[in-house]
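Remarks on the overall topology
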Amino acid sequence: SQQGEEDPQALSIQEGENATMNCSYKTSINNLQWYRQNSGRGLVHLILIRSNEREKHSGRLRVTLDTSKKSSSLLITASRAADTASYFCATDARGGSQGNLIFGKGTKLSVKP
Amino acid sequence: EADIYQTPRYLVIGTGKKITLECSQTMGHDKMYWYQQDPGMELHLIHYSYGVNSTEKGDLSSESTVSRIRTEHFPLTLESARPSHTSQYLCASSDLSAGGFDEQFFGPGTRLTVL
């Protein structure tokens, strides 16, 4: 069964607006990661948040983690056209995944100039 | 920019051909992965390796095979390609000494089309 599921599947905003993407998962985790994928390219790691952390910042990115609800959110502030990409959350299932990650289907973000 | 490379970037071949997708990394990472991704969809792990002479099957069953003779090299082979193998194949690596739960570094991918 799929570990991570992003919501919404697609998001279209204007440059300068904030973009919020959500991820829900099913089992206990060690950490949750967010990745970005430009069309036709590989994934780039954005940020990792451990199960004992609640919030983390990196530049214009803010990630929250609520282990009681098994959910995470990624906020991109003051979005730019260059932020247009697909964003994936990835989790490792505690005790069962051999350190492998399970990726969700992603949120496709379109930032219009 | 991650130091992980995949060749070819694009490949169009006929049914029944044998192909090898190359993946190399210069970061000295022990753990390497192969994922299959259809357009707009999630990544599915098809193979991984903990180091030299280690290969494991992933969550998604695949007719491909892999080998790990050198730390930096993790090629994927399809003995007889079929149209159902058409997809994007992504190679990744991670530092096992970081506990195995650290970030993964991805190559640019190989987009395979089997006619």
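The structure contained in this document is the topic of the report that follows.

Helices and strands together make up the secondary structure of chain B, namely 0 helices and 11 strands. Seen in sequence order, chain B has helices and strands lined up from the N terminus as β-β-β-β-β-β-β-β-β-β-β. Expressed along its principal axes, the backbone C-alpha trace of chain B runs to roughly 40 × 30 × 25 Å. Buried residues in chain B amount to 47% of all 115 residues. Put simply, of all contacts in chain B between residues at least 6 apart along the chain, 54% involve residues at least 24 apart.

This part is about the environment of A:K26. Among the secondary structure elements, A:K26 is positioned in the loop between β3 (19-25) and β4 (29-37). C-alpha of A:K26 to C-alpha of A:K70: the two residues are 44 residues apart in sequence and 6.6 Å apart in space.

A word on the pattern of salt bridges. Applying the stated criterion to the full structure yields 7 salt bridges over all chains. Taking the shortest distance from any N to any O, the salt bridge between B:E63 and B:R82 comes out at 2.7 Å. Separated by 19 residues along the polypeptide, B:E63 in the loop between β6 (56-57) and β7 (65-66) and B:R82 in the loop between β8 (76-78) and β9 (87-94) bring together distant segments of the chain. Shared partners join several salt bridges into a network, and the residues in it are A:R36, A:R60 and A:D83.

The next thing to look at is the interface of chain B and chain A. With 24 residues of chain B at the contact, the number on the chain A side is 21 residues. Applying the counting criterion to the chain B and chain A interface returns 0 salt bridges. If you look at where chain B meets chain A, you find 5 residue pairs in polar contact (both at pLDDT 80 or more). At the level of secondary structure, the elements contributing two or more residues to the side of chain B that touches chain A comprise β4 (31-37), β5 (43-49) and β9 of chain B. The greatest single-element share of the side of chain B that touches chain A, amounting to 4 residues, is contributed by β4(B).

Take the sheet that holds β8(B) next. All names here are of chain B. Spatially, the 4 strands line up as an open sheet ordered β1-β3-β8-β7, and their pairing is antiparallel. The sheet is open, and its two borders are formed by β1 (4-7) and β7, each paired with just one other strand. With 3 bridges connecting them, strand β3 (residues 19-25) and β8 associate as antiparallel partners. Pairing of L21 across the sheet is with L76, part of β8.

Right, let's talk about the packing of aromatic side chains for a bit. Evaluated as defined, the whole model comprises 7 aromatic pairs over all chains. Aromatic pair A:Y35 and B:F106: ring centres 5.8 Å apart, planes at 80°, arrangement edge-to-face. Pair noted here: A:Y35 is in strand β4 and B:F106 is in strand β10 (residues 105-106), and the two residues belong to different chains. Taking relative accessible area as the criterion, A:Y35 reaches 0% and is therefore assigned buried. By way of ring pairs, the aromatic residues A:Y35, A:F103, B:Y33, B:Y35 and B:F106 are connected into one cluster. The lysine or arginine in question, B:R68, covers the ring of B:F74, its NZ or CZ lying 5.8 Å from the ring centre.

The rules behind the values
Residues numbered from 1 in each chain as written. Chains lettered and ligands numbered in written order. Predicted model: local features only at pLDDT ≥ 70, side-chain atom pairs only at ≥ 80, totals over all residues. Heavy atoms only, no water. Helix = DSSP H or I, 4+ residues; strand = E, 2+ residues; numbered from the N terminus. Buried < 20%, exposed > 50% of the residue type's maximum accessible area, 1.4 Å probe, protein only. Contact = heavy atoms within 4.5 Å. Salt bridge = Lys/Arg side-chain N within 4 Å of Asp/Glu carboxyl O. Polar contact = N/O pair within 3.5 Å; in protein donor to acceptor, adjacent residues only side chain to side chain. Pairing = 2+ DSSP bridges. Phe/Tyr/Trp six-rings, centres within 6.5 Å; stacked < 30°, edge-to-face > 60°. Lys NZ or Arg CZ within 6 Å of the ring centre and 35° of its normal.

Function cannot be read off these values alone, since they describe shape.
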